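Read off the chains here:
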Amino acid sequence: MGKNTEINRTQVDVGFPWGKLEFTDWMDESMSWKETCYIGDWSWLDEFHAKGPDAIKLFSDLCGSSFAKFDIGQAKHVVMCSRKGKVIGEGILMRFAEDEVEFQTRGPGTTWLEFNVKKGRYNVTTDCTISKFKLHVQGPKSPALLEKLTGESLRDIKFMYFRTSRIKGRDVFFLRQGMAGEIGYELQGPNSDKDTVFDAIMEAGKEFGIRRLGSRTAMINHLEACFPTITHDYIPAVADEPEYYEAYNVKVDDDRSPLWFRSFERCTKVKGSFDADDISAWHRSPVELGWAKNIKFDHDFHGREALEAEVSNPKRTIVTLVWNLDDVMDVWASVFRDDVPYDFMDMPRGQWFVMYANSVMKGDRLVGVTSSRGFSRYFQQMLSLCTIDIEHSKPGTEVTVVWGDPGHRKKLIRATVAPAPYKEDKRKIDVSKV
């Protein structure tokens, strides 16, 4: 295989961006966004700031989302695809003015934008400096906590809109979103104000049972709420764009962004029983990841032809798999009883930044690939996301997950198809009634 299709199964420890594995313990933290609220720190996310007459055109040309309506003070989830219709990057795009936007993400999305800007087709100036803190306050008690802290009502902020309020005399952007599948806000402001704002939230949050979110638990909310994530649920499709891949697949450590974001090799690690000869087998389309509803063919964009064909005739969709707990416990028991145990199943989920991709079988036929395996303390179930053939996507369908890396002992784990998201989506509830 050529360099642009190399599959890397090496584990790499890139640290814990949320600070610690656990702050109270992972079971306590994982209950917080259903019962009280949590604070999580996503300040490490990349920022791509664009200003100029072609700021919107840049994203319209590269994203399948419609920009026919995009208000100042609004945010959109946008997805950028390769010419083959596979995801290169996705994230949140915020509009600050008619000619000013900012894209926040992790992975190669920022370098894909840089690559296209450098071709000289856009009248726009860009900056990739990570300059803002990004603190998530999520859960049913988050509105009451933040209103006490700001001294004003925040009920006017619609879902995926933002405005400014103040905490301890500091101006803070309040973006209403919901990465836990619950009502929630992302607070943004200058990095110099981060400690002041963070400490104020923690102090005011004591009354509301606030918890800090550690690395063990941070992605369980993505699993329960079905938010597929780069590295965890798909490998970015940089191999589909050879010129771009060769231009940016270097370890560049400069003042603009950390090493993690500027090396594609850090985003192309895989584990699990699923195996193939080409990296494209780990690529995913927006259709496969449940984002088809956000693709609008009211404009031309990179990858449109491939996505039009897939939307008209989809082959796979995303579901949740509920794993049989007796089979899961047999995996754990093998560590204590067997000379050659099954591959270890960490709790509540794997802690490496790799894509754990396991084969999903119906009889002797491969029908899907599962990812983001994790234990939900709230539901007391081992769950995973799964891109699966549509004919096997009906809730209640029984399938088998193959557990174990290639060449390792295998465990066949019974699993049942369930909806995705698995948890009720409460992001858009009417906050005036909370």
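Remember, predicted model here, so these are calculated numbers, not experimental data. (Residues numbered from 1 in each chain as written. Predicted model: local features only at pLDDT ≥ 70, side-chain atom pairs only at ≥ 80, totals over all residues. Heavy atoms only, no water.)

*Asks:* Explain the confidence of the model for the chain here, please?
*Replies:* Chain-level statistics for the chain give a pLDDT mean of 92 and a share of 92% at 70 or above. Confidence drops under pLDDT 50 across residues 1-5; counting only partners more than four residues distant or on other chains, this segment forms eleven contacts. (pLDDT = per-residue confidence, 0-100. Contact = heavy atoms within 4.5 Å.)

*Asks:* Please explain the sheet that holds strand 13 (residues 316-323) as it appears in this structure.
*Replies:* The antiparallel closed barrel is built from six strands, whose spatial order is 13-17-16-15-18-19. Averaged over all pairs of adjacent strands, the angle between their axes in this sheet comes to 40°, without regard to strand direction. Direction of pairing for strand 15 (residues 358-362) relative to strand 16 (residues 365-376): antiparallel, over a ladder of five bridges. Paired with N358 across the bridge in strand 16 is T370. Across the sheet, helix 10 (residues 325-337) touches strand 13, strand 17 (381-389), strand 18 (398-403) and strand 19 (411-418), and the angle it forms with strand 19 is around 145°. (Pairing = 2+ DSSP bridges. Helix = DSSP H or I, 4+ residues; strand = E, 2+ residues; numbered from the N terminus. Axes fitted to C-alpha atoms, helices over the stretch in contact; angles between N-to-C directions.)

*Asks:* Explain the pairing of strand 2 (residues 46-51) here, please?
*Replies:* Sheet faces and side chains relate simply in a regular strand, where the side chains alternate between the two faces. In this structure, strand 2 lies alongside strand 5 (residues 100-105), joined through six bridges in antiparallel fashion. The residue bridging A50 from the neighbouring strand is V101, located in strand 5. Bridge count between strand 2 and strand 6 (residues 125-127): three bridges; the pairing is antiparallel. Considered in strand 6, the bridge of K51 is made with T125.

*Asks:* Any chance you could explain a nonpolar patch on the surface here in plain terms?
*Replies:* A surface patch of nonpolar side chains, amounting to about 390 Å² of accessible area, comprises V335, F336 and F344. As for its position among the elements, F344 is in the loop between helix 10 and strand 14 (355-356). (Patch = residues over 30% accessible without salt bridge, like charges linked within 9 Å, V, L, I, M, F, W, Y side chains within 5 Å. Areas by Shrake-Rupley, 256 points an atom, 1.4 Å probe, with all protein chains shown as cover. Salt bridge = Lys/Arg side-chain N within 4 Å of Asp/Glu carboxyl O.)

*Asks:* Looking at this model, I keep getting lost on the packing of aromatic side chains. Mind explaining?
*Replies:* The geometry of an aromatic ring pair is captured by two quantities: the separation of the ring centres and the angle between the planes. Inspection of every chain in the model, using the stated rule, returns 16 aromatic pairs. Here F274 and W282 contribute two aromatic rings whose centre-to-centre distance is 5.2 Å and whose plane-to-plane angle is 75°, an arrangement assigned as edge-to-face. By relative accessible area, W282 is classed as buried at 0%. Ring plane angle 90° and centroid distance 4.9 Å describe the contact between Y378 and F379, whose orientation is recorded as edge-to-face. Among the aromatic residues, ring-to-ring pairing joins F48, F59 and F103 into one connected group. Across the ring face of Y161, the terminal group of K158 is positioned such that the distance to the ring centre comes to 4.5 Å. Above the ring of Y342, the side-chain terminus of R409 is found at 3.9 Å from the ring centroid. (Phe/Tyr/Trp six-rings, centres within 6.5 Å; stacked < 30°, edge-to-face > 60°. Buried < 20%, exposed > 50% of the residue type's maximum accessible area, 1.4 Å probe, protein only. Lys NZ or Arg CZ within 6 Å of the ring centre and 35° of its normal.)

*Asks:* Which parts of the structure should I look at to understand the pattern of salt bridges?
*Replies:* Between side chains of opposite charge, a pair can form when the charged atoms approach closely. Under the criterion given, the structure shown has 34 salt bridges. The shortest N-O distance in the salt bridge between K84 and D240 comes to 3.9 Å. Taken together, the positions of K84 in the loop between strand 3 (75-81) and strand 4 (87-97) and D240 in the loop between helix 6 (220-225) and helix 7 (242-248) put the pair 156 residues apart, joining distant regions of the chain. Under the relative-accessibility criterion, K84 is labelled exposed at 54%. Taking the shortest distance from any N to any O, the salt bridge between K132 and E102 comes out at 2.8 Å. On the criterion of sequence distance, the pair formed by K132 in strand 7 (residues 132-138) and E102 in strand 5 is long-range, its members being 30 residues apart.

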